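Summary of structural features
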Amino acid sequence: MIVVANTAELKSLAAQILAEHAHVKTTADFQALMWVDPETNEVQWCVGYDGFVGKICQMHIVKLGNISLPKQFLWAGFDYPFNQAGMEAVTGVVNSKNVQAMRFDKHLGFAEILRLPSLHDDGGDVVFLKMDKADCKWLKLGKKYEAQLLAA
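What this report covers is the structure whose coordinates are included nearby. Here the structure is a predicted model, which is why all the values come from computation and not from measurement. (Residues numbered from 1 in each chain as written. Predicted model: local features only at pLDDT ≥ 70, side-chain atom pairs only at ≥ 80, totals over all residues. Heavy atoms only, no water.)

1. Some remarks on the nonpolar core
Condition: By nonpolar core we mean a set of buried residues, namely Ala, Val, Leu, Ile, Met, Phe, Trp, Tyr and Cys, connected to one another through side-chain atoms within 4.5 Å. Per-residue accessibility, obtained with a 1.4 Å probe over protein chains only, is compared with the maximum for each type, and a residue is labelled buried under 20%, exposed over 50%, and partly exposed between these values. The helix and strand labels rest on DSSP assignments: H or I over at least four residues marks a helix, E over at least two residues marks a strand, and numbering proceeds from the N terminus. The contact definition used throughout considers only heavy atoms, calling two residues in contact when any of these lie within 4.5 Å.
The biggest cluster of nonpolar side chains holds 28 residues, and the ones touching the most others in it are Leu-33, Phe-73, Phe-78, Val-90, Leu-108, Phe-110 and Met-131. Among the secondary structure elements, those contributing two or more residues to this core are strand S2 (31–36), strand S3 (43–53), strand S4 (56–63), helix H2 (71–84), strand S5 (89–95), helix H3 (99–108) and strand S7 (126–132). With seven residues, the top contributor of residues to this core is H2. If sequence neighbours within four positions are ignored, Phe-110 has contacts with Met-59, Phe-78, Val-90, Thr-91, Gly-92, Asp-105, Leu-129, Lys-130 and Met-131. In terms of nonpolar packing, the next biggest core, distinct from the first, is built from 14 residues, Val-3, Ala-15, Val-24 and Phe-30 among them.

2. Structural notes on unusual backbone geometry
We note that Asn-41 has phi near 65°; this positive angle belongs to a residue other than glycine. Within the secondary structure, Asn-41 is located in the loop between S2 and S3. By relative accessible area, Asn-41 is classed as exposed at 58%. The backbone of Ser-118 shows a phi angle near 65°, a positive value even though the residue is not glycine. Locating Ser-118 in the fold gives a position in the loop between strand S6 (111–116) and S7. The exposure class assigned to Ser-118 is exposed, which follows from its relative accessible area of 51%.

Keep in mind these numbers describe shape, not what the thing actually does.
As structure tokens, this is what we get:
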């Protein structure tokens, strides 16, 4: 089930997850969603947003559990920045040596826009990725899940 990090406690939990698993240092404008297993109450996925500037923000995604990314959560993860927060694009920053994250982000539809050689941990490249709202295929899932999310 989708859990909106709308309390200090939930925001802190999401920030901790992103810090531990994606080395994210959140900013004051941090927002987050989590996918929680309703039976075990364990967080399976976490997506965070910060660095809101103009019509763009940074997006961070972490997988904690063994389940595939639920399509409902995938839709909600992109609905928030694009439709609720009014962003026209989202960005991500990845270490080029994190092959799994690079593959995952490109599968989601992010495109590489800039690479800074050897400036990430362990000599990896800092890779900047971006997705424009107009190119986000996941928003099309909205009709199916929008009513469920709004009811939550």
